[in-house]
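Tertiary structure, described
What follows is each chain in one-letter form.
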Amino acid sequence: MDFKLDVPEPVDTDTEEGRKFRQEVRDFLDKELTDDVIRERALNRDQPYETPPLVIEFNRKLGARGWLSPQAPGWPEEYGGVERSEVDRRILSEEMAARGIGWGSGYGGIQGAVIIRYGSEEMKREFLPRIARGEISFALGYTEPNAGTDLASLEMRAVRDGDDYIVNGQKVYSSFAHISTHHWLAVRTDPDVPKHRGISLFCVDLASPGITIRPLWTMGGDRTSEVFYDDVRVPARNLVGEENHGWGYIREALGVERIGMGGGVVGAGGSSFLNDLIEYASETKRGGKPLSEDPSVRQSLAQLAIETSIRRLFSHRTAWFMKKGNIPEVEAAMSKVWGNELDQRTAKVGLQIMGLYGQLEPGSNWVPGNGSVEQRYLFAVHLSYGGGSHELMRNLMATRGMGLPREPR
Amino acid sequence: MDFKLDVPEPVDTDTEEGRKFRQEVRDFLDKELTDDVIRERALNRDQPYETPPLVIEFNRKLGARGWLSPQAPGWPEEYGGVERSEVDRRILSEEMAARGIGWGSGYGGIQGAVIIRYGSEEMKREFLPRIARGEISFALGYTEPNAGTDLASLEMRAVRDGDDYIVNGQKVYSSFAHISTHHWLAVRTDPDVPKHRGISLFCVDLASPGITIRPLWTMGGDRTSEVFYDDVRVPARNLVGEENHGWGYIREALGVERIGMGGGVVGAGGSSFLNDLIEYASETKRGGKPLSEDPSVRQSLAQLAIETSIRRLFSHRTAWFMKKGNIPEVEAAMSKVWGNELDQRTAKVGLQIMGLYGQLEPGSNWVPGNGSVEQRYLFAVHLSYGGGSHELMRNLMATRGMGLPREPR
Amino acid sequence: MDFNLNEEQEMLKTAARDFLSKECPKALVKAMAQDERGYPPELWRKITELGWPGLVFPEQYGGSGGSFLDLTVLVEEMGRACLPAPFFSTVVLAGLFILNAGSEEQKQDLLTRVVQGEVILTLALTEPTAGYDAASVEVEAVVDNGNYIINGTKLFIPDAHIADYLICIARTEKGTVPEEGITAFLVDAKSPGISCTVLNTIAGDKLCEVIFDNVRVPRKNIVGELNQGWAPVAKTLQQATVAKCAEMVGGAQQVLEMSAEYTKERIVFGRQLGSFPVIQQYIANMMIDVDSCRFLTYEAAWKLSEGLPCAMETHMAKAWASEAYQRVAALGQQIFGGVGFIQDHDMPLYFRRAKAAESTLGDSYYHREQLAQLLTRAESSAS
Amino acid sequence: MDFNLNEEQEMLKTAARDFLSKECPKALVKAMAQDERGYPPELWRKITELGWPGLVFPEQYGGSGGSFLDLTVLVEEMGRACLPAPFFSTVVLAGLFILNAGSEEQKQDLLTRVVQGEVILTLALTEPTAGYDAASVEVEAVVDNGNYIINGTKLFIPDAHIADYLICIARTEKGTVPEEGITAFLVDAKSPGISCTVLNTIAGDKLCEVIFDNVRVPRKNIVGELNQGWAPVAKTLQQATVAKCAEMVGGAQQVLEMSAEYTKERIVFGRQLGSFPVIQQYIANMMIDVDSCRFLTYEAAWKLSEGLPCAMETHMAKAWASEAYQRVAALGQQIFGGVGFIQDHDMPLYFRRAKAAESTLGDSYYHREQLAQLLTRAESSAS
């Protein structure tokens, strides 16, 4: 075993070109990577599949320079991959890490990964370069009013009509649909076969006539959307892979997506949040003594520190497992369940430690840390069903991980 | 609402006869109600359906004087009911309560209740007077190696042969079978109908030829038994109620039984145990300070005090609900689940507070309270499945209590 | 033992539920969270006409002389409906304080107007110290020419922005123990030197920061005895804590019922959601939490009604309800999933209120510690 | 990062598992709980032949110079098998202490004999004070004519009844802090004045009361420095704590596996028990607990092996494993139901050991508090 963090081999970036490029990156980041972008990325860390507004803008600028990440593992040049030198990549990584964000874990990567594997040649040429340049951003079109946890029961219909499909129906919880360029849309193309076998996946231009987007505001204060399709014509070339094979692609995308959930970017997110709490407890006095001297608070903080370490180890395990060439189904499920429930606990303990102050919202007088813990408390509610309900995740862990028999249906 | 304890109307027991009777009762109890009997009763409070050895002996002596309780609510005299005066009953109650045990909640009552309701006239005349006199004690014969939680799948067979049934097969976890006079035996009398419809219930004399009783020692240190039947002849008059109607009687007996579980005798058991823990924490010093000044210990004890109050309230609610003439199915399930899980938590917290001393067993040097908490910790393990698994209890609560649909089978 | 309400209480409960389900729809509740005042005066007028503000006050002040248990029944229904109205501040906190501590004249004056719905009151107790013990009271009132001058900040004060009078709990003397030297003042909310700012809170209730900058209060506005104000505060806190628990019971009960209903309607994998055993375990756990909160709360309320000591029962109820209501709300959110996460849904109302209710009037740790003091004190005095 | 064992460790693990499943059946484990000595000498001889006692000791003492991580792998398998042998006392507690503190001569003498299986040792640290900090050491050793006289009671000392030597941690001076003035003595277990009584314990392991009544020990038997004994004790405690966690990981892993197997065999309501979603939730929770214990433990063990500081990791591992192993064992009991409640079944072995392991070497509260000190100290030094 070896718990050393994987550090890449040293590369000499201290060349003249290297120094010049580093300066260029720094100047760019000084200007474009605002605190708001960083915060938006952090908040969004549990939803790597959809791109929030400021990040869309930032990615577009990165993409325009060939610095965006989906192609980092190496897309062929003909699909927009830019072969940057090792020195450049190292500098980009280092500079962005120094600002607290990762490089190489950008947005659009999940859709790109499916398209590069299953998309037609035409689709690859049309979409991949634009993803690489950050010109395209996706909103997910999976969930419907009657298809959430049981996603495969979705009812929205697409019917072939010449070179197009005519799409009708409604999606819900389609976050950022109002500012994204495309919808990653799952629809039923064959209603007469078992439900998993009649689903297809499309890339739909959200500017298409007949699409109406209505806001839904969540308890977390974020906007998500309902998307209504009324006789929307979608060109058949926008079909991803084969007709009626969509469920396989979606499952694959969900699996990839889940890897990022709960753990977030390895090492980030959760632990800095905990550090903020420890700092708050150390600096805030109640009854003349710092909160951090209260034995109950100490027990709670220590417990969270342990649980945050477990999150880190679970994430690393998943990453290591993938790196060895495996598909980390059970490992990712464990990581998601653990990380997301820990997020809920951490926010709960955080508010509890803050006492009466814990109920204050952003913008209020006296609010600690501008209400970030309170916002997280509300936001975290959806983590235990979003992206795969934790009941299903646990069933999956037991059946795939320990070979328990599936529930008879 | 009214949370006053139900106190009976005052009765003048200070008459010459009353004083004489009280003295008689006291003398009897001084002699017969040993600490061992009291402890055995307390330990057994979650298994009101089977009678432990010292209690069997004590009951026999009470019964011989007409002081035993199954008939207390009033069995007809022809079945052995003894109509004692209100004064006598009050004195018996008071004197036994003063020694920490209840009167009127004795053993054999569950079997008696089924027999009085469903038994043949012959069976009533044969069994009830002997139950009233404490001459009969029952061991349960329900569980089999392949029929535990799913009791109705029991396989043990009884085949009619003239005036007898021939019984073959095996029961497990039949506590006190080795010292009881009778087996309260559930067997399959018709294998060709749905499983709930082919079960019959018998009172079997455990001295019958062909019965072999083998000890099984539990983790709690108690003995239970396996009971093997090898061509045992059971007279047909020992059939309880009708052939193949046994499942209904068993369910009814289980329901009655469950009422007593978790809560135990209202107000008793759990709370004195907690008081012992508080006393221990107050008297035991660690690092120069009483354990009870440790903030974590204080939080734990306070939490247990709350949860013990909830146990008391749940028990009272069940009792009140029954008194109004209802069958407290959901209420009793809640009481059982809560009380039994609380027993597990209490013992766990108790041992935790004792630290290294918590692992000591009865008879050891240095053992606190002669290991009663440790014994309870081990014993309590079986409470969350014995007498109805808590998973099933919770399903019952949700379906019967809030109308959730049953799981499709 | 009787776990039923009596006949009048059953009638009160039914009437309250009917009235609130008609007059206080959830859309109104949500609108009021955004509203500057935070309550609909028209609804408040109707509530006054129903006599609710007078329920618990003696007849000589125009009230109907109901018991604390009656009040508990009513407040439970308010919690169930998430009623946005200054009832808790005016009646439970300030009204009961005046009843506990005020002179006959003050009672006649103020309680009569409370009963008539003519005034909105609140209790200005908590401060940036954020505690409910006497030591947390640091706002000072110093005597000046027969008047008192109050300086300092009160924080988390409910409905102060719409109150006509505040009962300000201030320190008038440094006592040998924190409980000594505390005095209650009736303060006109429009007095010069008072500034009030509404805080943004998770429950959208209107808690305020109230700054006292050389606020002059006449001596006759002392409610109760000079320097002896802590005892009635403590008594009022006990009553308010039990009432808050009742509000929580009402909310938790509603979450349980709406969740159970939803599990019957919602179809997942071709079956009713409620037919899944894991969901049944959730509902069963919610039932345990709701019933346990209810019984602990009503036992404390009954003891208050009967004039019996109930410090232990009060600590138990609040320590337990603070966590149990949050557990119930979290399971409700899990059962409703995405649809319950939308702000327009009813679930967030309860999820948010469960959090607010936990921290208000002492959280679980606080009440368990208080309880531990009683438990170990009893032990050490017994031994 | 690499979550795999290396090739030698995999071989060690497989060999240990094969050996123990053959030579240490559960019937033997159960018999040993009743046995007076508590271990089978024949098995101990075979273990010595395999070189396990020497695994972690340098080659100059006859050992094989393995790493702490190697030891961890081995101890995990012992925990899985519930091995009844004086390995932990002789090798982990006393052996590592001698390695940490002893003179070259003592190491040559004692470790060589440990490796050969010629002596059984133990560390006599804990006392009726029942703590693992320096302040809990009250047994006194006073100098007398070049010898030391030890008086007092050591409690919960593993395998003292069969030990040839005890390393007795005693107070030789009242220091300004409790850590000062502590000295370790190598004491012949047959010395006059020592009396040893085996305690009855939940795990059926052999913890002893050892009374020192004017026990005379020559000065040369001091292990390490006079009055400076705490530092090596603390280091040894850290190593022993991680090793104890490994034992717990092994036990928890075995409970998980046997429970999962049972859910496939057991038919309830006409279905495999494991097909019930509630049971799947249980198994999934057990998986989380087992993996989390494993990773925390092995991270600490790896750091120990690499010579990196790992106070935080050690506290985390033991605080977590103490509770997680008990949760796993309790779920195992629930899954097995009645059949697992019979003393003859394997489940009780683990349920009992989980409890014993929780309290040994500091429970969750203790280690969380230690961790909190590190967390808040880091914070206050950073700010």
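Please read all numbers here as calculations on a predicted model, not as lab measurements.

Here we take up the overall build of chain C. When its secondary structure is counted, chain C shows 12 helices and 10 strands. Along the first, second and third principal axes, the C-alpha set of chain C runs to 80 × 60 × 40 Å. Scored against the burial criterion, the 383 residues of chain C give a buried share of 64%. For chain C, long-range pairs separated by at least 24 residues make up 73% of all intrachain contacts whose partners lie at least 6 apart in sequence.

In this section: the overall build of chain A. Each helix and strand in chain A was counted, giving 12 helices and 10 strands. Computed over the C-alpha atoms, the radius of gyration of chain A is 22 Å, within 12% of the 22 Å expected from 2.2 N^0.38 for a compact globule of 409 residues. When its C-alpha atoms are laid out on the principal axes, chain A stretches across 75 × 60 × 50 Å. For chain A, the proportion of its 409 residues judged to be buried stands at 57%. Summed over its atoms, the accessible surface of chain A is roughly 16,700 Å², and 50% of this surface lies on carbon and sulfur atoms. Averaged over its 50 positive side-chain charges, chain A has a centre that lies 4 Å from the centre of its 59 negative ones.

Attention now moves to the pairing of strand β6 (residues 211-217) of chain A. Bridge count between β6 of chain A and strand β7 (residues 223-235) of chain A: 7 bridges; the pairing is antiparallel. Note on β7 of chain A: the bridge partner recorded for Trp217 of chain A is Arg223 of chain A.

To continue, consider the side chain of Ser259 of chain C. Residue and element names in this part refer to chain C. Inspection of the secondary structure assignment puts Ser259 in helix α7 (residues 230-265). Residue Ser259 is classed as buried on the basis of its relative accessible area, which comes to 0%. Non-local contacts of Ser259, meaning those with residues more than four positions away in its chain, are made with Ile283, Met286, Gly332, Ile335 and Phe336.

Residue and element names in this part refer to chain C. Where strand β2 (residues 140-144) lies against strand β3 (residues 147-158), 5 bridges are found, and the strand directions are antiparallel. From the neighbouring strand, Ala141 faces β3, where its bridge partner is Ile150. From the end of β2 to the start of β3, which pair antiparallel, there are 2 residues, and Asn145 there has a positive phi angle of about 60°.

Turning our attention to the interface of chain A and chain D. Across the contact, 47 residues belong to chain A and 46 residues belong to chain D. Summed over both partners, the interface of chain A with chain D comes to about 4,500 Å²; 67% of that surface belongs to carbon and sulfur atoms. It is Met1, Phe3 and Met402 of chain A that lose the most area in chain A upon contact with chain D, and together they represent 19% of the buried surface on that side. The tally of links from chain A across to chain D stands at 3 salt bridges. The partner of Arg312 of chain A in a salt bridge is Glu299 of chain D, and the shortest N-O contact between them spans 2.9 Å. Counting across the chain A and chain D interface gives 15 residue pairs in polar contact (both at pLDDT 80 or more). Among the elements of the structure, α8 (270-283), α9 (295-323), α10 (329-354) and α12 (390-402) of chain A are those that each provide at least two residues to the side of chain A that touches chain D.

With the rule as written, the count across this model stands at 40 aromatic pairs over all chains. Between Phe314 of chain A and Phe295 of chain D the ring centres are 6.1 Å apart and the planes differ by 85°, which places this aromatic pair in the edge-to-face class. A residue pair is termed interchain when its members come from two chains, as with Phe314 of chain A in helix α9 and Phe295 of chain D in helix α8 (residues 277-306). Given the relative accessible area of 1%, Phe314 of chain A is considered buried.

Taken residue by residue, the interface counts 46 residues in chain B and 46 residues in chain C. With a shortest N-O distance of 2.9 Å, Arg298 of chain B and Glu369 of chain C are connected by a salt bridge. Counting across the interface, chain B meets chain C through 15 residue pairs in polar contact (both at pLDDT 80 or more). Among the secondary structure elements, those contributing two or more residues to the side of chain B that touches chain C are α8 (270-283), α9 (295-323), α10 (329-354) and α12 (390-402) of chain B. Among the elements that line the side of chain B that touches chain C, the one with the most residues is α9 of chain B, at 16 residues. In the side of chain B that touches chain C, the residues fall into 22 nonpolar, 11 polar and 13 charged.

Turning to the packing of α9 of chain A against α8 of chain D, a few remarks are in order. How two helices pack is summed up by the angle between their axes together with the distance between the axes. Where α9 of chain A contacts α8 of chain D, the axes come no closer than 10 Å and their chain directions differ by 90°. As the angle between them shows, α9 of chain A and α8 of chain D are arranged roughly perpendicular. Here Ile306, Ser309, Ile310, Arg312, Leu313, Phe314 and Arg317 of chain A of α9 of chain A lie close against α8 of chain D, whose contacting residues are Ile288, Asp291, Ser292, Phe295, Leu296 and Glu299 of chain D. Split by residue class, the contact of α9 of chain A with α8 of chain D holds 7 nonpolar, 2 polar and 4 charged.

This part takes up helix α5 (residues 87-101) of chain D. The largest bend along α5 of chain D measures about 35° and falls at Gly95 of chain D. Within α5 of chain D, 13 of the 15 residues are buried, which leaves the element mostly enclosed by the surrounding structure.

The next point concerns unusual backbone geometry. Residues and elements named next belong to chain C. In the Ramachandran plot, Phe156 falls in the positive-phi region, its phi being about 65° despite a non-glycine side chain. Structurally, Phe156 can be placed in strand β3. With a phi angle near 60°, Asp159 is a residue other than glycine that sits in the positive phi range. Tracing the chain through its elements places Asp159 in the loop between β3 and β4 (165-171).

This brings us to a negative patch on the surface. All names here are of chain C. Negative charge collects at one region of the surface, where Asp133, Glu173, Glu179 and Glu180 lie side by side. Structurally, Glu179 can be placed in the loop between β4 and β5 (182-188). Judged by its relative accessible area of 39%, Glu179 is partly exposed.

Now for the environment of Asp163 of chain B. Residue and element names in this part refer to chain B. Within the element layout of this structure, Asp163 appears in the loop between β2 (157-161) and β3 (164-171). Spatially, the C-alpha atom of Asp163 lies 5.5 Å from that of Ala236, the residues being 73 residues apart in sequence. The contacts of Asp163, once residues within four sequence positions are left out, are Val234, Pro235 and Ala236.

The predicted coordinates of low-pLDDT regions are not to be read in fine detail. Mean pLDDT for chain C: 96, with 98% of residues reaching 70 or above. Listed scores for the predicted complex are pTM 0.93 and ipTM 0.93.

Considering all chains together, one arrives at 0 disulfides over all chains under this definition. With no disulfide of its own, Cys82 of chain D has Cys24 of chain D as its nearest cysteine by sulfur position, at a separation of 7.7 Å.

All right, on to the pattern of salt bridges then. Residues and elements named next belong to chain C. Applying the stated rule across the entire model yields 102 salt bridges over all chains. Between Glu77 and Lys13 there is a salt bridge; the shortest N-O distance is 3.3 Å. Here the residue Glu77 occupies a position in helix α4 (residues 68-81), and Lys13 occupies one in helix α1 (residues 7-23), the gap between them amounting to 64 residues. Lys13 gets classed as buried once you look at its relative accessible area, which sits at 14%. What you see here is one network of salt bridges that share partners, running through Lys13, Arg17, Glu76, Glu77 and Arg294.

This part is about the packing of α9 of chain B against helix α9 (residues 311-336) of chain C. Two numbers describe how α9 of chain B lies on α9 of chain C: the axes approach to 10 Å, and their chain directions differ by 90°. One element, α9 of chain B, and the other, α9 of chain C, form an angle in the roughly perpendicular class. On the side of α9 of chain B, the interface is formed by Gln303, Ala305, Ile306, Glu307, Ser309 and Ile310 of chain B, while α9 of chain C contributes Met316, Ala319, Trp320 and Glu323 of chain C.

Residue and element names in this part refer to chain C. By the element assignment, Lys244 lies in helix α7. The exposure class assigned to Lys244 is buried, which follows from its relative accessible area of 11%. Along the sequence, Lys244 and Glu306 sit 62 residues apart, while their C-alpha atoms lie 19 Å from each other. If we skip the residues at most four places from it in the chain, Lys244 touches Phe88, Lys318, Ala357, Thr360 and Leu361.

Our focus in this paragraph is the environment of Tyr39 of chain C. With respect to the helices and strands, the residue Tyr39 of chain C is situated in the loop between α2 (26-34) and α3 (41-49). Spatially, the C-alpha atom of Tyr39 of chain C lies 9.4 Å from that of Lys206 of chain C, the residues being 167 residues apart in sequence.

Rules behind the numbers
Residues numbered from 1 in each chain as written. Chains lettered and ligands numbered in written order. Predicted model: local features only at pLDDT ≥ 70, side-chain atom pairs only at ≥ 80, totals over all residues. Heavy atoms only, no water. Helix = DSSP H or I, 4+ residues; strand = E, 2+ residues; numbered from the N terminus. Buried < 20%, exposed > 50% of the residue type's maximum accessible area, 1.4 Å probe, protein only. Contact = heavy atoms within 4.5 Å. Rg over C-alpha atoms; globule rule 2.2 N^0.38 Å. Areas by Shrake-Rupley, 256 points an atom, 1.4 Å probe, with all protein chains shown as cover. Lys, Arg positive; Asp, Glu negative; His and termini not counted. Charge placed at Lys NZ, Arg CZ, Asp CG, Glu CD. Pairing = 2+ DSSP bridges. Buried area = accessible area lost by both parts, 1.4 Å probe. Salt bridge = Lys/Arg side-chain N within 4 Å of Asp/Glu carboxyl O. Polar contact = N/O pair within 3.5 Å; in protein donor to acceptor, adjacent residues only side chain to side chain. Phe/Tyr/Trp six-rings, centres within 6.5 Å; stacked < 30°, edge-to-face > 60°. Nonpolar A, V, L, I, M, F, W, Y, C, P; charged D, E, K, R; others polar. Axes fitted to C-alpha atoms, helices over the stretch in contact; angles between N-to-C directions. Parallel < 35°, antiparallel > 145°, perpendicular 65-115°, else oblique. Bend = angle between axes of the 7 residues up to and from the residue. Patch = residues over 30% accessible without salt bridge, like charges linked within 9 Å, V, L, I, M, F, W, Y side chains within 5 Å. pLDDT = per-residue confidence, 0-100. Disulfide = S-S within 2.5 Å.

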